[in-house]
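# A look at the structure
Chain by chain, the residues run as shown.
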Amino acid sequence: MRNKATLTLASIYFAYFIMGLVDIVGISANYVKEDFRLNESMTSFLPMMAFISFAFLAIPSGLLMNRIGRKNSVLLSFIITLAAMLVPLTGYTFTHMLIAFALAGIGNTLMQTSVNPLLGDVVDPRHLASSLTLGQFFRSASSALGPSLLALVLLISDNWKNIFILYCTITLAATLWLWKMPIQEKRAPGQTGNKSLLPLLTDKYILLLFTSLFLFVGIDVAMNVYTPRFLITHSHFSLKEAGLGPTLYFTARIIGSLLGAWILVRYPARKLLQIILITGTLTFLSMMLMPHNTPWVLTSIFITGLMCANIFSILLSLALQHKPRQANEISGLMIMAVSGGAIIPLLIGYINDLTQSTQGMYTIFACFLLLTIASFLLAPIPKSTPR
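What comes next is a walk through the structure. (Residues numbered from 1 in each chain as written. Predicted model: local features only at pLDDT ≥ 70, side-chain atom pairs only at ≥ 80, totals over all residues. Heavy atoms only, no water.)

### Considerations on the overall build of the protein
Along the backbone of the protein there are 19 helices and 0 strands. For the protein, the spread of C-alpha atoms along the three principal axes comes to 55 × 45 × 40 Å. Looking at the protein as a whole, 60% of its 387 residues qualify as buried. (Helix = DSSP H or I, 4+ residues; strand = E, 2+ residues; numbered from the N terminus. Buried < 20%, exposed > 50% of the residue type's maximum accessible area, 1.4 Å probe, protein only.)

Structure representation (structure tokens):
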């Protein structure tokens, strides 16, 4: 029984690994930019297509999850992701890539909405924050491996698009593994319908967490998409070498996730959030003020990734713990905030085109600053509050 429980938990953590595959949009966008001679604004449409679905489909995903269950929702998200990875293999045009990343975004929306509550079905509620952080470790591992796997694919086949063959294989394996695992889902009574969403939209605590997640995911995607261009512009890296930026960022997120899984069991999540946001804000600002100091730029990217490792899981766990009886709906609402990954990079691309430089990255600093302010507004939830 213990071995089966371990395999079940492992299959869910593998889903987090599949979740990270969508971050291939970052380095892929730079290759598509070169292949089709796009400007920054047009290139920004690729991450926008991957993340805009979170704005429109996150809440419907939560409602769908009520109808078909959490495990089935994750399995459906795998199938959609598999379809997304097949599209570039059928033809390579800008339209094909937009469709591929749109499907990847749809699959990722459903996956992120359903996999977090599914993890809550198999772990102790007291360890939810640390368990979610460990899930982010596997997601970050996938994201960090992306540029390295792409470099390996280029070395072997000289065709970067073959990365999608590998991703198809991994996604299929994850689908079969989770499908075989028995999971007893916890269903809270009275947890259906659009009516249960309405109070959430007027809850100031949830609204603050929603806004914070929107800003954070904007930072996360922008670091993935724009650090290569920053290194090319200021450190004269080649396109292949510039993949070091996202690799450093996500490697730091891996390390930070492992540390966070241990620290969050021992220290209050809210206090930790304040510390890492202050550190992240100051570090990123110093990088922007010293753009030609390559060693410090690379160090800053790493430290920023380290600080960003636990923000998502802390914010999501605070939301899920606020009203656990509405976990499905809250998950859908909070994952809707991932649409920040579409809006903020698009804004950065527009400013970069307008200034003919990388000044748009100051938008990331503004997001960090707003997040830091928000972290001090997140008062602890009174234990006596009824749920």
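### What to know about the pattern of salt bridges
Across all of its chains, the model carries 3 salt bridges by this definition. The salt bridge partner of Glu 34 is Arg 229, with a shortest N-O separation of 3.7 Å. One end of the pair, Glu 34, is in helix α2 (residues 24-36); the other, Arg 229, is in helix α11 (residues 204-235), and 195 residues separate them in sequence. Exposure remark for Glu 34: the relative accessible area of 42% places this residue in the partly exposed category. (Salt bridge = Lys/Arg side-chain N within 4 Å of Asp/Glu carboxyl O.)

### A look at empty space enclosed by the protein
Inspection of every chain in the model, using the stated rule, returns 4 cavities of 30 Å³ or more. Reported here for the largest cavity is a volume of approximately 100 Å³. What lines the largest cavity is simply Met 19, Phe 51, Gln 112, Gln 136, Arg 139, Phe 216, Val 217, Asp 220, Val 221, Arg 253, Phe 312 and Val 338. Looking at the lining of the largest cavity, the elements with two or more residues in it are α8 (128-157) and α11. The greatest single-element share of the lining of the largest cavity, amounting to 4 residues, is contributed by α11. (1 Å grid on protein atoms, 1.4 Å probe; cavity = no way out; pocket = protein on both sides within 12 Å on 5 of 7 lines; lining within 4 Å. Points joined across faces, edges and corners; volume = space filled by probe spheres on them.)

### Re helix α5 (residues 53-68)
The largest bend along α5 measures about 25 degrees and falls at Ile 59, with the proline Pro 60 one to four residues further on. Among the residues of α5, those classed as buried are Ser 53, Phe 54, Ala 58, Ile 59, Ser 61, Gly 62, Leu 63, Met 65 and Asn 66. (Bend = angle between axes of the 7 residues up to and from the residue.)

### Some words on the nonpolar core
Ranked by size, the top nonpolar core spans 120 residues in total, and within it Phe 51, Phe 78, Trp 160, Phe 284, Met 334, Met 361 and Ile 364 carry the most contacts. Broken down by element, the residue count for this core peaks at 18 residues, all from α11. Once you skip the residues sitting within four places of it in the chain, Ile 364 turns out to touch Ile 219, Ala 222, Met 223, Phe 284 and Ile 348. (Core = buried A, V, L, I, M, F, W, Y, C linked by side-chain atoms within 4.5 Å. Contact = heavy atoms within 4.5 Å.)

### Description of the environment of Ile 301
Structurally, Ile 301 can be placed in helix α15 (residues 294-308). Taking the C-alpha atoms as reference points, Ile 301 and Gly 245, 56 residues apart in sequence, are found 7.0 Å from one another. In this structure, Ile 301 is in contact with Met 223, Thr 227, Leu 231, Gly 245, Leu 248, Tyr 249 and Met 287, ignoring residues within four places of it in sequence.

### A closer look at the packing of aromatic side chains
One pair of aromatic rings is described through two measures. These are the centre distance and the angle between the planes. Tallying each qualifying case throughout the model produces 13 aromatic pairs. Plain terms: the ring middles of Phe 36 and Tyr 92 are 5.1 Å apart, the flat faces sit at 50 degrees to each other, and that makes the pair tilted. Taken together, the residues Phe 36 in helix α2 and Tyr 92 in the loop between α6 (70-90) and α7 (94-122) connect sequence positions 56 residues apart. Looking at Tyr 92, the relative accessible area reads 24%, which means it is partly exposed. With centroids separated by 6.2 Å and ring planes inclined at 40 degrees, the aromatic side chains of Phe 284 and Phe 368 adopt a geometry described as tilted. Placement of the pair is Phe 284 in helix α14 (residues 269-289) and Phe 368 in helix α19 (residues 362-375), with a sequence separation of 84 residues. On the basis of relative accessible area, Phe 368 is assigned to the buried category, the value being 0%. (Phe/Tyr/Trp six-rings, centres within 6.5 Å; stacked < 30°, edge-to-face > 60°.)

### A look at the side chain of Arg 253
Tracing the chain through its elements places Arg 253 in helix α13 (residues 244-263). Apart from the residues within four sequence positions on either side, Arg 253 is in contact with Gln 136, Ser 140, Phe 216, Asp 220, Gly 305, Leu 306, Cys 308 and Ala 309.

### Some points on a nonpolar patch on the surface
Taken together, the side chains of Leu 369, Leu 370, Ile 373 and Leu 377 make up a nonpolar region of the molecular surface, amounting to roughly 380 Å² of accessible area. Here Leu 370 shows up in helix α19. Residue Leu 370 is classed as partly exposed on the basis of its relative accessible area of 47%. (Patch = residues over 30% accessible without salt bridge, like charges linked within 9 Å, V, L, I, M, F, W, Y side chains within 5 Å. Areas by Shrake-Rupley, 256 points an atom, 1.4 Å probe, with all protein chains shown as cover.)

### What about unusual backbone geometry?
Notably, Asp 158 is not glycine yet its phi reads approximately 60 degrees, a positive angle. Along the chain, Asp 158 turns up in the loop between α8 and α9 (163-180). Under the relative-accessibility criterion, Asp 158 is labelled exposed at 65%. Positive phi, normally seen in glycine, also occurs at Gln 356, with a value near 55 degrees. Following the sequence through the fold, Gln 356 ends up in the loop between α18 (340-355) and α19. Note on Gln 356: relative accessible area 68%, which makes it exposed.

### Looking at the state of the cysteines
Using the criterion set out here, one finds 0 disulfides in the structure. For the unlinked cysteine Cys 367, the closest cysteine sulfur is that of Cys 308, found at 11 Å. (Disulfide = S-S within 2.5 Å.)

### Brief notes about α2
End to end, α2 covers 18 Å across 13 residues, agreeing with the expected 18 Å (1.5 Å per residue, within 8%). Extensive coverage of α2 is indicated by the burial of 10 of its 13 residues. Of the residues making up α2, those classed as buried are Ile 24, Val 25, Gly 26, Ile 27, Ser 28, Ala 29, Asn 30, Tyr 31, Val 32 and Lys 33. (Expected span 1.5 Å × (residues − 1).)

### Regarding the side chain of Ser 286
Mapped onto the secondary structure, Ser 286 falls in helix α14. Polar contacts involving the side chain of Ser 286 include one to the side chain of Trp 296, which spans 3.1 Å. The residues touching Ser 286, leaving out its near neighbours within four places in the chain, are Trp 296 and Ser 300. (Polar contact = N/O pair within 3.5 Å; in protein donor to acceptor, adjacent residues only side chain to side chain.)

Shape is all these values report; function is a separate question.
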